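# Structure assessment
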Amino acid sequence: MYADPQARLAPLIASLTLATDLGGGFAPEAALRTAVLAVRLSRACGLEAGVRHDAYWAGALRFLGCTAYSHEESLLMGGDDLAFLQAFADVDLADKPAMLARSVARLAAGRGTAQRLRSLLAFLLDPRGGDKVSSAHCQLAEQLGADLGFGVGVTQVLRDMYERWDGRGAPRRVGGQRLSPATRVLHVAHVLEVYSRMHGLPRALAEVARRAGRHFEPAVAAAAADAGPALWQGLEPGRMTDLFVAEEPAPVRLLAPLQPLPLAGPGQALQRPAPQCPGDAPHAAPHAEDPLLRTARAFAAYADVKSPWTLGHSHEVARVACAAAGRLGWPAPEIRQLEIAALLHDLGRVALPNGLWDVPRAFTAAERERARLHAYHGERVLAGCALLAPLADWAAAAHERADGQGYHRRIAAASLPPAAQLIAAADTWVALRSARPHRAAFGDDEARTLLEAAASNGQLTPLAVRAVLGDSAAAGAVRPADAGAAARLSPRELEVLLRVARGLSNKQIARELQLSPRTVQTHLEHVFDKTGARTRAAAAIFVARHGLVDFGLRGQAG
C-alpha cells in the first residue's frame, strides 16, 4: 500500500486540500497557493524557521473549518453554501458599506424576491452573525488541526484567522502583538492569494497596501510590497503540489515508518481462510497514533460536519465495516486499510451544496444524478496522493452495487473489491438507521429487513450483509450514553445536545422529547456550560469530535 517507508506528510495534505478547496467553494489549489505565499512571505519578513513552519501548515489547512457553518450558510444563500465564502472573499469584512453592498448583490442570488429579502434581513439583523461564522470555522479548523497532530503554533493561527491587526476582527477581537507572527503573515498571504486570483497581482498588492495598519501588520504589508512579483514565482496551475512539497520548511514532517502492504483487489475472496469466531472478532480500530488513520479521521469529520444529517456518518460506517471484516477473518493490517477507505468514502460530498443534501423530500432524477457526482469528486481527491491512491477504488466504489446499478462507474460484483462490498453494506446499514431530510430513521428491525432485502434482490453482496448483521447487538448498538457520561452530560442533556446539532429549534426539541420549551432551555443552559457549544455549528463539532452521535435518533432536523 505504501510506496515510501518514510512517507512525508506534505503530499498527503496537498491531495486532501483539494477537498477543503471544494468545501469552501474555492478554486483548486487555493490552499496550496496560500501556504506557499505564507512561507515565502515569512522568509521575506526574516522570520525564523518555527514561524515559517506554522505559517506554511496553517496556510494549507486554512479552509479546514469551512464546513462547520455550511448548514446556516446554505439557508442564507438559497441552498448554495459553496457560494457564501466566495461572495465575501474579496471584501474587507470590517468595511460595513462594502459588506452591505455585497450582501445585497449576492445573498440568495437567483432566488425569488421574498427569499432574497429573508436572507438579507437574517444576515444583516443578526448582530453576532459574523462572529458565528468565524467562530464555527475557526473552532473546527483548530480542533481538526490538533487531531492531525499539529501543535499550538499551527492551531493558534487557525483559531485567529479572522482576527485583525487593529483588533476589529472576529470572534475574539484580539490584535497587534497578541497575534502570533505566523498569524499576521497568513492574514496577508490569504488576501494576496484571493485578490491575485480574482483581480490580478497589481490589485492584490494594492489591496494589501490599503489595509496596512488596519487588517495587516504594517511590517508584513511592507515586506509583501518589497518582495512583489517574486512571491508568485512558479505559482502555476497543475504544479502546485510539487511546489508545495518543495517549499516545506525543514525539518520536513514524516508520517512515520510505513510498511508496504499489497491490496486485496476484485479477485480476492470476501471471506478469508480460518475466519475468527464472531465473538472473537477484532472490532477495535487500529492504533490511535497511526498517522494515516489519524488524518483520515480528521478529514472524515470535516466532511460529516457539513450537514446535520451526516454527523458522524463516516466514522460509524468505518466502525461497522471493520467489525464485519473481523467476523470474516480479515487480518488486522487489511482492516486498517478498510477503515481508512471507509472513513474517506464520502469525502466528495463537500463538493456539492447543502441545498442538495438537505432537500426535505426524495431526490428528483436530476438531483440524484448530481448527488452521484460526489463519488467522482472523492475519487479524484484520493487519487492525487500516492499514499491514498491505492484506496481510491475502495472508497469510490462504496456506492456501487452488486447488480451493476450503483454509481459512479456502475461496477458489478465480479469487479468490486471485497472492501467496497463491505463499505457498501455498512454505509447502507448506517444510512437506514439515520434520519434523513425526507424521513425518520428506521428502527433496528425494519433496517435489518431492508438490508437483507437489498442482499436478496442483488443490490448488496449477501455475505457482506450477513457480516454487517452478524452481531446485531454490536452492529446496531446506540453508544452515545457512555460517551455522554464522559462529557459530564446527563442522558436528557445529551438528547437535547444531539437535536441542537441536528438543527432543531427549541420548540421542535420540546415537541419531540415531550418537554416544555422552558425545560428545554434549562437543559440547553446546562449543555452550554458543560460543552461551551452555544450554536448549532459548535454543537455539531462537539458531537462529532466526541463520538456522541446516536444513529437511532429518529427526529427530523429543522
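What counts and what doesn't
- Residues numbered from 1 in each chain as written.
- Predicted model: local features only at pLDDT ≥ 70, side-chain atom pairs only at ≥ 80, totals over all residues.
- Heavy atoms only, no water.
- Core = buried A, V, L, I, M, F, W, Y, C linked by side-chain atoms within 4.5 Å.
- Buried < 20%, exposed > 50% of the residue type's maximum accessible area, 1.4 Å probe, protein only.
- Contact = heavy atoms within 4.5 Å.
- Salt bridge = Lys/Arg side-chain N within 4 Å of Asp/Glu carboxyl O.
- Helix = DSSP H or I, 4+ residues; strand = E, 2+ residues; numbered from the N terminus.
- Arc of directions from axis to C-beta.
- Patch = residues over 30% accessible without salt bridge, like charges linked within 9 Å, V, L, I, M, F, W, Y side chains within 5 Å.
- Areas by Shrake-Rupley, 256 points an atom, 1.4 Å probe, with all protein chains shown as cover.

The next subject is the nonpolar core. By size, the foremost hydrophobic cluster in this structure holds 165 residues, and its most contacted members are Phe244, Leu338, Leu347 and Leu422. Setting aside chain neighbours within four positions, we find Leu422 in contact with Leu270, Ala321, Ala324, Ala325, Leu328, Trp330, Leu338, Ala464, Ala467 and Val468.

Here we take up the pattern of salt bridges. Per the counting criterion, the structure on display carries 32 salt bridges. With its nearest N and O atoms 2.9 Å apart, the salt bridge here joins Glu247 to Arg40. Taken as a pair, Glu247 in the loop between helix 13 (240–246) and helix 14 (291–304) and Arg40 in helix 2 (residues 30–44) lie far apart in primary sequence, 207 residues in all. Like Glu247, the residue Arg40 is buried in the burial classification. Each member of the salt-bridge network shares a partner with another, and the members are Asp92, Arg164, Asp166, Glu207, Arg210 and Arg211.

We now examine helix 9 (residues 152–159). Within helix 9, the full set of buried residues consists of Val154, Thr155, Val157 and Leu158. Buried positions in helix 9, seen along its axis, are confined to an arc of 155° and lie on one side of it. Buried residues in helix 9 make contact with helix 3 (49–60), helix 8 (129–147) and helix 10 (181–199).

Taken together, the side chains of Leu100, Val104, Leu117, Leu121, Leu124 and Leu125 define a hydrophobic patch exposed on the protein surface, amounting to about 560 Å² of accessible area. Examining the composition of the nonpolar patch, we find that three residues originate from one element, helix 7 (residues 113–124), more than from any other. For Leu100, the location among the structural elements is in helix 6 (residues 96–106). The exposure class assigned to Leu100 is partly exposed, which follows from its relative accessible area of 44%.

This part covers unusual backbone geometry. The omega angle of the peptide bond from Ala250 to Pro251 is -5°, so this bond is cis rather than trans. By the element assignment, Pro251 lies in the loop between helix 13 and helix 14. The omega torsion across Tyr407 and His408 is 10°, close enough to zero to call that bond cis. As for its position among the elements, His408 is in the loop between helix 19 (389–396) and helix 20 (418–432). A positive phi angle is found at Arg410, which is not glycine, with a value near 60°. Structurally, the position occupied by Arg410 is in the loop between helix 19 and helix 20. Located in the positive-phi region is Gln514, a residue other than glycine, with phi close to 55°. Inspection of the secondary structure puts Gln514 in the loop between helix 26 (506–513) and helix 27 (517–531). Taking relative accessible area as the criterion, Gln514 reaches 74% and is therefore assigned exposed.

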